[in-house]
Amino acid sequence: MSTTAPAEAERTAGPKSVEQKGLAGVFARLKEGRKHGWGVFHMGSWPMMIGGMAMIISAFLPWVTLPWIEELTGEPFHLRGTDGPGVLTLAVGCLAFAGAFVPRRRLAIAHAAIPGLLVAGIVALQCWNIVVHSIQLDAWGGFLPGMGLVLAGGGAVFLLKASWTMYRSWPVQ
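Residues numbered from 1 in each chain as written. Predicted model: local features only at pLDDT ≥ 70, side-chain atom pairs only at ≥ 80, totals over all residues. Heavy atoms only, no water.

Draft legend 1. Expanded view of the packing of aromatic side chains. The full count for this structure, using the stated rule, is two aromatic pairs. Judged by centre distance (5.9 Å) and plane angle (35°), the ring pair of Trp164 and Tyr167 falls under tilted. Residue Trp164 and its partner Tyr167 are located together in helix H7 (residues 147–168), separated by three residues, close to a single helical turn. (Phe/Tyr/Trp six-rings, centres within 6.5 Å; stacked < 30°, edge-to-face > 60°. Helix = DSSP H or I, 4+ residues; strand = E, 2+ residues; numbered from the N terminus.)

Draft legend 2. Structural view of the nonpolar core. Formed by 25 residues in total, the largest nonpolar core has its most connected members in Met48, Met55, Trp63, Val64, Val119, Leu159 and Met166. Secondary-structure elements contributing two or more residues to this core are helix H3 (45–58), strand S1 (62–66), helix H5 (86–99), helix H6 (105–136) and H7. A per-element tally of this core places H6 first, with seven residues. Leaving out residues up to four positions away in the same chain, Val64 has contacts with Phe77, His78, Leu79, Ile130, Phe143, Leu144 and Gly146. (Core = buried A, V, L, I, M, F, W, Y, C linked by side-chain atoms within 4.5 Å. Buried < 20%, exposed > 50% of the residue type's maximum accessible area, 1.4 Å probe, protein only. Contact = heavy atoms within 4.5 Å.)

Draft legend 3. Quick look at the environment of Cys94. Its place among the elements puts Cys94 in helix H5. When its relative accessible area of 41% is taken as the criterion, Cys94 is described as partly exposed. Remark: the alpha-carbon pair of Cys94 and Met55, spanning 39 residues in sequence, is separated by 8.2 Å.

Draft legend 4. The pairing of S1, seen in detail. Within S1, four of the five residues are buried, which leaves it mostly tucked inside the rest of the structure. Across four bridges, S1 lies against strand S2 (residues 77–80) in antiparallel orientation. Counted as the bridge partner of Pro62 is Arg80 from S2. Judged from the two bridges that link them, S1 and strand S3 (residues 144–145) form a sheet pairing that is antiparallel. Its bridge partner being in S3, Val64 is matched across the sheet by Pro145. (Pairing = 2+ DSSP bridges.)

Encoded structure:
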């Protein structure tokens, strides 16, 4: 019996990437993930990161612009996302961004679909409010959608597309 037998067996068995912790574990998972092409991420990670960051950023941008106030005050008035439903958009945007790092299929789909549907509903409701107030005041162009509203809608589209893609074609391992 030699003392090199356990070391020989460990070397031939391959790396124990599952048991490694910390940064070494991340590198081992990345190395193992190259075999099937995903690493520590899944197929919806990048769209979920983009959609989540779009929602987070959109919460701080103007959602509705009132250009006719410029005649009274000298500058247009902007309603920011954080003045209303942008706070919820900020929260679910963080949830969607975090879901990009979840390798479980159902959980990743939920992290994309729920924020996507919720923010799509909020954006549709805000667009409806803009149209209704424009009709009531007979002031078409008096209420304009801001960049935050557009960015939130784009983030919702990214998340809904990512959830559908993950649902239809998750890789079988």
